[in-house]
Structures are given as C-alpha cells and as structure tokens.
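Survey of secondary and tertiary structure
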Amino acid sequence: MSCCITTSNQPECRFSSVLTSLLSCTTNQASLTVSPSSSQLFEEESVSLSCEEDDSSAGWTLRRNSTRETRTQCGAGWGRSAGSSCKISHIDRLDSGVYWCESREGATSNTINITVTGGPVILQSPVLPVMEGHDVTLHCKTETPPSDLTAAFYKDGSLISTEPTGHMTIRHVSKSDEGLYKCHISRHGESPPSWISVTGKPTTTGPPTSAAPPPASSPLQLVFRLVCHLVVFCPYCISTVLMVSLYQHRPTGN
C-alpha cells in the first residue's frame, strides 16, 4: 500500500490530514505468472515465475510454502532472484508447493500451485482460473513423448474421454466443469491430479439500446384520431366563445 500523509501543527488538521490520506490510499496489485504455463512439471525442468506488477516501487518478491519450508523468499535456499522474477533451473519434488508475490507492505498476489512429479506422466493444465465461456485444452504428457499417444482423461475420478492425440479440449467451460482432473497413458502410468477452477465472466454495462420506432399508423387510425380531437376540441371552442360573449355583454356597475 502506498500512502502519502501530511502533518500540521494543529491537532485537528493533523487528524483530518491523516484521515484524508488513509481514505485516498491505493493498493498496488501484482499478478503471478509461470512459464511454462502448467501446474505440473517433470523433475529437472526449468521454470520461471514473475510478478507482473502495477508499481515497481512496491518491491514485489516471490515467496512459497513447500514441503520443506514456509514463506521463504526466492534466493533464500531456492531459485535465483532477478528483481520481481525468480528462476528455478532444476526443479525437484521438494519444490512442490504454493507460490505467490508479496510486497514490502504485505500485500499479496494470486497463488499458484505447482506439483513436481518423479513419475512418467503429467497433466498439463491451466495454472490460473479459466473464464466461463472460454475453451481449455488439457495435455497428457510423458518425459519422452512417443507418437500417436492415446490418453484417458478423468474428472473427479470418472472417465470423461479417451483421446488418441493425447490432448482434450473442453469447449465453452462453465462452473460445472470445475473439478479435479488427471490422465492415464497405457504402459506409462497416471498423472497426479490437478484442480481446475472456473471463474465467472466480468459484468459489463453497455450503452442503452435504442427504442424501436413506433409502428406506422393506418389511414383508419388517422381518421379515428381526427374525430377524437374534434370531439374534444369543439366543446372547448364553443364554451370559450360563449364565455367571451357573456363577458362583453355583462351589466356595468357594482
């Protein structure tokens, strides 16, 4: 959080300045990204994490909770720090955990779960929530990918598809597609499970739609309206003429 607070000799002014400054403070935000964009990785792979920040002065750093430490910073026993980025050259199973960006003031970004497996199969799935209506593709991979790889895909323990290409696309995802996914390749093995989150579309307000033009009036409707106007207008004219005439011929005097 970045705040600028002014002071004054008067206690009242000082309190007002502090209150105004606190109300006008803005919270800088950062978004954590990972490359390659996958929640599962093979051992010995190289991975880069980066804090995409709104304000570099916030001092964002990479932290993690893994199987061997809690809230440790990149460069303190793991990874190589370069500003608001971190690179792990040879990742291993002990690097599995939750990663996030954190500012000097304690603000945090989104979190990313990374699973490092020593097994032969991984499921390459989105590390960030997928927006409703978008397509998402899942890849079932082996360390040494053969050709014509057939993979079976599971959601919440139930088989949902068998694909000879090794990848499956879910069209126009919805909240019902949220769940725990894994894949299996014959004679190779099964991947660890990964949770796929689905987020709702942002609500947008567009310009108001223009009203449809009124339907064209038929000749019969025009005649009916004319008659109605005459029926209303004629008594008004007659009464006005009578009132004027009576006023002109009124008797004079008290």
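Our structure is the block above this text.
Keep in mind the model is a prediction, meaning the values are calculated, not measured.

1. Digging into the pairing of strand β10 (residues 121-124)
Judged by which residues are buried, β10 turns out to be covered on both faces: Val121 and Leu123 on one side and Ile122 and Gln124 on the other are all buried. Alignment of β10 against strand β12 (residues 136-142), held across four bridges, turns out to be antiparallel. The residue bridging glutamine 124 from the neighbouring strand is histidine 139, located in β12.

2. Some thoughts on the nonpolar core
Counting residues in hydrophobic clusters, the biggest one holds 22 residues, and the most contacted among them are Leu49, Leu62 and Ile114. Among the secondary structure elements, those contributing two or more residues to this core are β1 (30-35), β3 (47-53), β7 (85-88), β8 (97-102) and β9 (112-117). Those residues within four positions of leucine 49 in sequence are excluded, and the remaining contacts are Leu32, Thr33, Val34, Leu62, Ser85, Cys86, Ile88, Tyr99 and Ile114. One finds Val121, Met168, Ile170 and Val173 within the second-largest nonpolar core, a separate group that totals 17 residues.

3. Looking at the state of the cysteines
All chains considered together, the criterion is met by three disulfides. Residue cysteine 51 pairs covalently with cysteine 101 via a disulfide, S to S 2.1 Å. Judged by the sign of its S-S torsion, about -105 degrees, the cystine formed by cysteine 51 and cysteine 101 is left-handed. On the criterion of sequence distance, the pair formed by cysteine 51 in strand β3 and cysteine 101 in strand β8 is long-range, its members being 50 residues apart. Take cysteine 101: its relative accessible area is 0%, and that puts it in the buried class. Paired by a disulfide, cysteine 140 and cysteine 183 hold their sulfur atoms 2.1 Å apart.

4. A few points about the sheet that holds strand β15 (residues 167-170)
Reading across the sheet, the three strands line up as β10-β12-β15 and stay open at both edges, with antiparallel pairing between neighbours. Pairing within the sheet leaves two strands with one partner each, and these edge strands are β10 and β15. Adjacent strand axes in the sheet meet at a mean angle of 15 degrees when their direction is disregarded. Of the strand pairs in this sheet, β12 and β15 are connected by four bridges, and their pairing is antiparallel. Across the sheet, residue threonine 137 finds its bridge partner in β15, namely threonine 169.

Thresholds, definitions, all that
Residues numbered from 1 in each chain as written. Predicted model: local features only at pLDDT ≥ 70, side-chain atom pairs only at ≥ 80, totals over all residues. Heavy atoms only, no water. Buried < 20%, exposed > 50% of the residue type's maximum accessible area, 1.4 Å probe, protein only. Helix = DSSP H or I, 4+ residues; strand = E, 2+ residues; numbered from the N terminus. Pairing = 2+ DSSP bridges. Core = buried A, V, L, I, M, F, W, Y, C linked by side-chain atoms within 4.5 Å. Contact = heavy atoms within 4.5 Å. Disulfide = S-S within 2.5 Å. Axes fitted to C-alpha atoms, helices over the stretch in contact; angles between N-to-C directions.

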